[in-house]
Each structure stands twice: as structure tokens, then as C-alpha cells.
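Listed below are the residues making up each chain.
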Amino acid sequence: MGVELLKIPAKLAPSGNPMNFKVRAGNYAIEGHQLTAQIQIETVPDSGIFHALPVMNLDPDETGVADLDVSTIIHRRMQTELPAFEDSRVTRLLKSTIRYKVLFSEYYGEQSATKETSILTAIKCRLNFYNYPLETIEDYVVQGKNYLSHRPEIIETRPGEIHYLVVLALYTDTYTVKLSALYTDGSEDTIDLHTFTPVTEYNVFAIPSGLKHLNLAKPGVSLVSYTIWVENSSNEIAFKKVTFKVFPYNPANRCFLFGNLLGGIDTVITESQSDSLKVERETFQKYLPMDYKANCYNITTFVSGYTNIFEASTGYISRKLAEVCKEMAISETVFLVGMKSFIAVNIDKGTFDIANDKEDLQSFSFKYSPAFEKDLIFLSVGASESYSDNDYNEDYD
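Let us look at the packing of aromatic side chains. Scanning the entire structure with this criterion turns up 13 aromatic pairs. A centroid spacing of 6.5 Å and a plane angle of 55° characterise the contact between Y175 and F239, whose relative ring orientation is tilted. Highlighted residues: Y175 in strand 14 (residues 175-183) and F239 in strand 18 (residues 237-246), separated in sequence by 64 residues. The same class applies to Y175 as to F239, namely buried. Ring pairing ties together the aromatic residues Y147, Y175, F196, F205 and F239, which thus form one cluster. Sitting over the ring of F50, K101 keeps its end group 4.7 Å from the ring centre.

Given below as C-alpha cells:
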């Protein structure tokens, strides 16, 4: 008798949901019995090298059964990452998944027994079972050939905007990103944008799909729309077609990127912007001299800090896009797209307004502030640069 695995998480488990193990210690009745668990995480993706975390003691019940939820430990070691700001290639998001295993051990007297799980994978996402009654994230991808996004299949876009279609490649294969562009003269061009090959199963890739990264201009005609999809090595559609309808550039628009609940990267465009300044002051009383007169200033204030508070609104959008905005409001990672790089921001407050004459239309207004108060950090993969407040303001101009 030894440690018996009664339940393990799915081979690909969402880290935002419970990731439960259930084990039975075969020798729990022996005096001095001890049951432990040790999570091992792959430090370098695809390397097969696992780093052991500290040992945890488990408390089995009267039948020798113990439970362990590893979701919090795993989730904190993952993060939403963006491709480099100017990179127009398909980028693998290495920190979106983690491979791990768990070693269970029991000690009784001078003897011991161990049981190690197979290699499992966690993806940084959270399945909302109310809206998506699915058992695994694989179901979501396989059933609809879906990207990791809740956005509709027709997206409005403008020159200079950044969009990503994030794919979860379940198998090792060679994938080709296809694009079909439609112009005002009725012509249509179809091209192969990129090819990419997952190293192992469960790799996550970001496909640049906004006009910031795509060069689709043709002399004498304007771009009406373009459609992107992904095919596998058998020329079958592996990820469904998404169409981007092109509208004229609007300098008042702001582009926000955020990590959504499915582990992808979504974009929200706002059409209005305002800003204010929140000042933190400390008031104290000055020392009053013996010859104090009524016109002397005996109260002064000290400015201990300030924060730029910005407010933006999407204008009226569809209910489908409003659901996407709700994910942005609770996202752990939100970036404003500046002229030079991505700017990390915090969403401080968000409100939704429903149009009286059309319940399907909603607007999302929210307040946000820089994630870093003193030195504003412009984040991109592989580089972090500090800029002054003047540089930050220039990114809005």
C-alpha cells in the first residue's frame, strides 16, 4: 500500500479555477504518519527541467484522504504578456502556460512511499461556467475553433490600432495565418501572413492583426475590410475567420489592451477622454512666535504626492462588446497603447450606461491612472524604459 491518486486536474487546467488533487494515504493509520506534497514547476519552457517548491504538509481525514488545490500557487507564477511593441511576427506567449507535476510522499515509522503525477499543464485563464458550461478550455477551442477571446467575429478597426488574435495550439503542427483584404475598387488579395509551429502541445501564440502591424495599403484605392484565419498543415481551418471592418482614423480614439479571462489579449477602443489631477496634501500647524499677529499664516500644507486620473468612454457599443469591457474592468493587466510603447494602467472605476431606446446598446465609461506613480514605465517584452511625466503626456497627444 502507498499513496493513491484519486483525482487530478485536467491535463490542461485553467489556473483561475480550482485545480484539485485528491489522494489517499495507504498507511495513514500507523502512528506518526505524515503526508506531504511538493509541486515541481518547469523553469524553462519545454526544457523538461523542473524546480521543486517547498514541501507542504497535508492533513488526511479519518479515511486517509486529503485534498490539495494548487491553483493559487500556479496562477501567481503566470502573467499576461504582450509581444514587443513594433513586432509584427507571431509571438509565443511563454508565460501563459506552465507545465508542472506534484510529488506526494507519506512517511510512517522508518519507511516511506511516494507517488508522482504525470506532467500537467496550466493555462492562465478562468472559465466562467455560467456563460460557458464547459469542462475544459480545450472544449472552448475545439467546439468553435475559437481564439482566446469573447469578441464578435466582425471587429471595427482604424489605422494605427493594435489587435491580437491569440490561439491555443492544442497539438504540434504547422499553422499558417491567412489574410484576405477587400478594397474599394472591388479587388481582393489573399496572402499568407505567417507560419508557426508549436514546440509541444498547449502552446499559446499571439497573432498581430491590427493595422499598426499590417501593411495592406495599395496605391489609388482604400482598404474596406480584411479577414484573418488560421489553417493547419492539411489546409483545414484550425481557427475561424475574423473580419476587421476599416474606418477612418480618429485622433480622439484611445486603444487599450488587456488580459482577458480566457488567457488571451483583447482590445477596447474609446472615443472620448478627459483627465484630472488627484493631489495628496498633509496639513500641519506652524510654530507661533511670541509676537504672533492675526495676519500671520499659522497653517500650511505639504504636497505628499499626486496622481493623474484619466476618464475614457467607449460610446455606445453592442452588448457583446460590453461584456468584453467588463472583463477589462476586472483584468489583472491593462495597457494603454501609446506612441512609443505599452503603458501599464490601473482601472479605478467603471460604469455602464444602457441606451433607453435600444437595450442592446451600452456604453462603458471608466477612470484609470498610471500603474506607476513616480516613474511611468512603458512596458514591452524584453525592455522596460522609464520616462518623465512630459513623455507620458506626449503619448496622449
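What follows is about the environment of A37. Among the structural elements, A37 can be located in strand 4 (residues 34-42). Through-space distance from the C-alpha of A37 to that of V55 is 5.8 Å; in sequence the pair is 18 residues apart. Residue contacts for A37: discarding those within four places in its chain leaves P54, V55, M56, L58, L68, V102, L103 and F104.

As a further point, take the nonpolar core. Across soluble globular proteins, nonpolar side chains show a tendency to be buried alongside one another. Counting residues in each nonpolar core, the largest one holds 55 residues, and the members touching the most others are I137, L148, L168, F196, Y226 and F342. Counting residues in each nonpolar core, the second largest holds 23 residues, with I39, V70, I74 and A122 among its members.

As a further point, take the side chain of T97. As for its placement among the helices and strands, T97 is situated in strand 9 (residues 97-108). T97 sits in the buried class, given a relative accessible area of 13%.

In this section: the sheet that holds strand 7 (residues 65-69). Across a sheet, strands are paired by hydrogen bonds formed along the backbone, either parallel or antiparallel in direction. Taken in spatial order, the three strands make up an open sheet running 1-3-7, and their pairing is antiparallel. The sheet is open, and its two borders are formed by strand 1 (3-7) and strand 7, each paired with just one other strand. Geometrically, the sheet is characterised by an average inter-axis angle of 30° between neighbouring strands, direction not taken into account. Relative to strand 7, strand 3 (residues 20-25) is paired through five bridges, and the arrangement is antiparallel. Looking at strand 7, one finds that R24 is bridged to V65.

We now examine the sheet that holds strand 8 (residues 91-92). The antiparallel open sheet is built from three strands, whose spatial order is 8-16-13. Whereas interior strands pair on both sides, the edge strands pair on one side only; in this sheet they are strand 8 and strand 13 (164-169). Bridge count between strand 8 and strand 16 (residues 203-208): two bridges; the pairing is antiparallel. Across the sheet, the residue bridging to R92 is F205, located in strand 16.

The next point concerns the environment of T200. The topology assignment puts T200 in the loop between strand 15 (188-196) and strand 16. According to the relative accessible area criterion, T200 is buried, its value standing at 18%. When sequence neighbours within four positions are dropped, the list of residues in contact with T200 reads D46 and T172. Only 3.2 Å separates the side chain of T200 from the side chain of D46, close enough to count as a polar contact. Only 3.2 Å separates the side chain of T200 from the side chain of N203, close enough to count as a polar contact.

Let's shift gears to the pairing of strand 15. Sheet topology note: the strand 14/strand 15 ladder contains eight bridges and is antiparallel. Bridge pairing links V177 to H194 in strand 15. Hairpin remark: strand 14 followed by strand 15, antiparallel, with four residues in the connecting loop; positive phi at G186, about 90°.

Scoring rules and cut-offs
Residues numbered from 1 in each chain as written. Predicted model: local features only at pLDDT ≥ 70, side-chain atom pairs only at ≥ 80, totals over all residues. Heavy atoms only, no water. Phe/Tyr/Trp six-rings, centres within 6.5 Å; stacked < 30°, edge-to-face > 60°. Helix = DSSP H or I, 4+ residues; strand = E, 2+ residues; numbered from the N terminus. Buried < 20%, exposed > 50% of the residue type's maximum accessible area, 1.4 Å probe, protein only. Lys NZ or Arg CZ within 6 Å of the ring centre and 35° of its normal. Contact = heavy atoms within 4.5 Å. Core = buried A, V, L, I, M, F, W, Y, C linked by side-chain atoms within 4.5 Å. Pairing = 2+ DSSP bridges. Axes fitted to C-alpha atoms, helices over the stretch in contact; angles between N-to-C directions. Polar contact = N/O pair within 3.5 Å; in protein donor to acceptor, adjacent residues only side chain to side chain.

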